[in-house]
Amino acid sequence: MADTVHNTLDPQLNRRGFLKGCTMAAAALGLSETMIPKLVEAAAAAERPRVVWLHFQECTGCTESLLRASHPDLAHLILDVISLDYHETVMAAAGHQAEEILQKTVTEHAGKFILVIEGAIPTKDGGIYCKVGGKTAMDTLAEIGPKAAAIIAIGTCATFGGVQAASPNPTGAVGVMDLISGVPVVNIPGCPPNPMSFLGTVLHYLTFKRLPAMDSLNRPLFAYGRRIHDHCERRPHFDEGRFVEQFGDEFHKAGYCLYKVGCKGPETFSNCPAVRFNDVDVWPVSVGHGCVGCTEPNFWDTMTPFYDRLPMVKIPGTGIIADADSVGTKVLGVTAAAIGIHAAVGIGKRLIKGKGNE
């Protein structure tokens, strides 16, 4: 392979960055080292998949997180792996010229292109609350969605409606899978999601010619198959009953568990603790802010107030992949007397240890 990988969009992606990015994606997908060459071969193929990227009700934060991604050159790698034919935020064309490009791609590559949706789709009053090119988001999705080979809904707005769908949901906002049938839909929730979850999904599709295994919410299991609580670096503090009581206290500074100040990790499925953001290798909990549950449906309603602790019900299961199907949709209805019991046991251990030292 030449020092600079085949790349019509950004020649700055060198061979080392390309291989490192593919290796990271393989790790995120849970593939063995023996599969990395196949992943590299698929990613470096001259025939790149056509991608149409539509924006609806959203803040463009998902696109921004991809374009500003690093560790290493993820934005370059993503743009190198796909042929991004239409994307309102980054394309040079505008107005009628942009719409002509969209129609040309959809017509000439019907059944072969990947459709990426960013943002919720308003359905109330005929969908008038979001229009692009004179068409409502509903009409555009109905026109283009059935012609795609697969749809990737990126971000919590596109997957579950996001903040637009929060009660009372005045525009009738919904996620893509509520309106589309007959075309496979992959949900990559998060506000924003980790770029590696998107890249891993695309590379899996290119390498194996199929979408990754998904849970009952259409989230890829490689990224959303485990509960955050079960692989959080603060979990040992939870087990020992060591909690932050309020932000800024001595326990907060010591890195104790954030459950009591509202962390929603026990009810949230995501790979955030394992696949962190950017080249500084952090995620919200590691820098002292609890998880807000942004990868779960209706989190603006079910996870708020964000700084109140979860109710005392049971933490289900052990955090293995099967649990994502059985409890992933039961937000807050099934989390923790066992949190209370588990925490109480930890506190009891501390008290016993304290007495032993007297």
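Residues numbered from 1 in each chain as written. Predicted model: local features only at pLDDT ≥ 70, side-chain atom pairs only at ≥ 80, totals over all residues. Heavy atoms only, no water.

As recorded in an unreviewed UniProt entry, the chain goes by Hydrogenase small subunit/[NiFe] hydrogenase small subunit and comes from Desulfoprunum benzoelyticum. Under the Subunit (unreviewed entry) heading, UniProt states for the chain: "Heterodimer of a large and a small subunit." For the chain, the Sequence similarities (unreviewed entry) comment in UniProt is given as "Belongs to the [NiFe]/[NiFeSe] hydrogenase small subunit family." (UniProt positions renumbered as here; feature names shortened; annotations may be inferred.)

J.: Explain the overall build of the chain to me, please; I cannot follow it from the model alone.
T.: Within the chain, the regular secondary structure consists of 14 helices and 9 strands. With 358 residues in all, the chain has 53% of them scored as buried. Taking all contacts inside the chain whose residues are at least 6 apart in sequence as the whole, residues at least 24 apart take part in 73%. In the structure as shown, the chain presents an accessible area of about 15800 Å², 56% of it carried by carbon and sulfur atoms. (Helix = DSSP H or I, 4+ residues; strand = E, 2+ residues; numbered from the N terminus. Buried < 20%, exposed > 50% of the residue type's maximum accessible area, 1.4 Å probe, protein only. Contact = heavy atoms within 4.5 Å. Areas by Shrake-Rupley, 256 points an atom, 1.4 Å probe, with all protein chains shown as cover.)

J.: What am I meant to see in the environment of Tyr307 here?
T.: Among the secondary structure elements, Tyr307 is positioned in the loop between helix H12 (299–302) and helix H13 (322–327). Expressed as a C-alpha distance, the spacing of Tyr307 and Phe247, which sit 60 residues apart in the sequence, is 9.9 Å. Not counting chain neighbours up to four residues away, the residues in contact with Tyr307 comprise Phe247, Val261, Gly262, Lys264 and His289. A polar contact of 2.7 Å, which involves the side chain of Tyr307, links it to the side chain of His289. (Polar contact = N/O pair within 3.5 Å; in protein donor to acceptor, adjacent residues only side chain to side chain.)

J.: Hey, could you run me through the environment of Phe269 in this one?
T.: Note that Phe269 resides in the loop between helix H11 (250–253) and H12. Phe269 sits 45 residues away from Tyr224 along the chain, and the two C-alpha atoms are 5.1 Å apart.

J.: Whenever I open this one, the packing of aromatic side chains confuses me. Can you help?
T.: Aromatic ring pairs: the centre-centre distance and the angle between the two ring planes describe each pair. On inspection of all chains with the given rule, the structure shows 9 aromatic pairs. Centroid distance Phe299 to Trp300: 5.0 Å. Interplanar angle 40 degrees. Geometry classified as tilted. With relative accessibility at 2%, the residue Phe299 sits in the buried group. Taken together, the ring pairs connect Phe238, Phe243 and Tyr259 into an aromatic cluster. (Phe/Tyr/Trp six-rings, centres within 6.5 Å; stacked < 30°, edge-to-face > 60°.)

J.: Looking at this structure, I do not really get the side chain of Thr268. What am I missing?
T.: One can find Thr268 in the loop between H11 and H12. By relative accessible area, Thr268 is classed as buried at 1%. A polar atom in the side chain of Thr268 sits 2.8 Å from the backbone oxygen of Lys264.

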